[in-house]
Amino acid sequence: MPPRGHAEPAPQDTAPPVATAGATGRKSTTMEPIIQEPEGPEPEATRRGAGITESARANRGWWDRNADEYQVEHGTFLGDDRFVWCPEGLDEVEAELLGPPEDLKDRAVLELGAGAAQCSRWLAAQGARPVALDISHRQLQHALRIGGAFPLVCADAGVLPFADGSFDLACSAYGALPFVADPRLVLREVHRVLRPGGRFVFSVTHPIRWAFPDEPGPEGLSVSGSYFDRTPYVEEDEQGRAVYVEHHRTLGDRVRDVAASGFRLVDLVEPQWPEWNTSDWGGWSPLRGRLIPGTAIFVCVRD
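As a starting point, this report considers the structure included with it. (Residues numbered from 1 in each chain as written. Predicted model: local features only at pLDDT ≥ 70, side-chain atom pairs only at ≥ 80, totals over all residues. Heavy atoms only, no water.)

Points about the overall build of the protein chain
Turning to step 1, where the next piece is worked out: If you tally the helices and strands in the protein chain, you get 7 helices and 10 strands.
Turning to step 2, where the next piece is worked out: When each of the 303 residues of the protein chain is scored for burial, the buried share is 56%.
Turning to step 3, where the next piece is worked out: Residue pairs in contact within the protein chain that sit at least 24 positions apart in sequence constitute 74% of those at least 6 positions apart.
Turning to step 4, where the next piece is worked out: When the accessible area of the protein chain is evaluated, it comes to approximately 12300 Å², of which 53% is carbon and sulfur surface. (Helix = DSSP H or I, 4+ residues; strand = E, 2+ residues; numbered from the N terminus. Buried < 20%, exposed > 50% of the residue type's maximum accessible area, 1.4 Å probe, protein only. Contact = heavy atoms within 4.5 Å. Areas by Shrake-Rupley, 256 points an atom, 1.4 Å probe, with all protein chains shown as cover.)

Spelled out as structure tokens, the structure:
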């Protein structure tokens, strides 16, 4: 599932941009009437430790509570059947990070953090056999509502309910990995369920963004924190319980995580901000996007 923006003090960016000229795919149907949960008190943002169980519980609850609002707000950009890797708008149609579209036919593909399964829907249209997995039941209800002849699985990405060697490819567009306390658990599970030669491509917020304020204007271009501070960003309720968690890894951490999990890193893509994207969204903007990277996409192979 794509991530979302957050308030200070976290110096990072986590929400995709609004739809702009150049977007492709059918318009989303997510504007249908849906029931919103009553709003509670605003959570308190802080930086503190958060372990595997706390992070999973908090993020499952956050996405279940906010899936409706998220799909209404971002559904037009995401479409029903686009495969967008990042806020910059890089589309798999152009990027071919999983390979040429014609080579996807009959390939078994696992999508982690699928949200409403837009990427899986695009993969199915290419003749692939996707499985869309998400920790949030409510996000998958949106996937079910939009439709698609492929399985939807509600599970934690760190404990995949699949046999060894079940998939040819795996992908994650801002799903799962930014939200887990130990990304190697996810990477090792993906390695396990991929067949030899299988490719795993995942996108995350570029680690350098954690050193900058989450602001779209000039104030977002001045360093406000240490890039090396790996303390998680946490939103807490009135009782101090985590209700949303994101974890920071440096670029070197990410590379070491990939290697330690048995993958070979074959490419690291840092998409440039395109001219057609003139919209601000949270901390993302043409100003920032043309000066510092916002996304890192890791292309990995299981030998």
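What follows picks up the thread again.
Considerations on the sheet that holds strand β1 (residues 44–47)
Across a sheet, strands are paired by hydrogen bonds formed along the backbone, either parallel or antiparallel in direction.
Turning to step 1, where the next piece is worked out: The strand order across the open sheet built from 3 strands is β1-β7-β8, with neighbouring strands paired in antiparallel fashion. If you trace the sheet from one side to the other, it starts and ends with β1 and β8 (242–246), each paired once. The sheet shows a mean angle of 25° between the axes of neighbouring strands, direction not considered.
Turning to step 2, where the next piece is worked out: Direction of pairing for β1 relative to strand β7 (residues 233–236): antiparallel, over a ladder of 4 bridges. What sits directly across from R47, in β7, is Y233.
Turning to step 3, where the next piece is worked out: Strands in contact with helix α1 (residues 52–78) are β7 and β8; relative to β8, the strand with the most contacts, it is inclined by about 105°. (Pairing = 2+ DSSP bridges. Axes fitted to C-alpha atoms, helices over the stretch in contact; angles between N-to-C directions.)

Details of the side chain of E111
Turning to step 1, where the next piece is worked out: Among the secondary structure elements, E111 is positioned in strand β2 (residues 108–112).
Turning to step 2, where the next piece is worked out: Sequence-distant contacts of E111, that is, excluding residues within four places in its chain, are made with A117, C119, S120, V131, A132, L133 and C171.

Thoughts on the sheet that holds strand β5 (residues 167–173)
Turning to step 1, where the next piece is worked out: As summarised here, the arrangement of the 7 strands in space is β4-β3-β2-β5-β6-β10-β9, forming an open sheet in which the pairing is mixed. Two strands lie at the open edges of the sheet, namely β4 (152–154) and β9 (263–269), each paired on one side alone. Across the sheet, the mean angle from the axis of one strand to that of its neighbour is 20°, orientation sign disregarded.
Turning to step 2, where the next piece is worked out: Two strands pair when backbone bridges link them, and β2 and strand β3 (residues 129–134) are joined in this way by 5 bridges, in the parallel orientation. Looking across to β3, one finds that L112 is bridged to L133.
Turning to step 3, where the next piece is worked out: The strands that helix α3 (residues 118–125) touches are β2, β3 and β5; relative to β3, the one it contacts most, it runs at about 175°.

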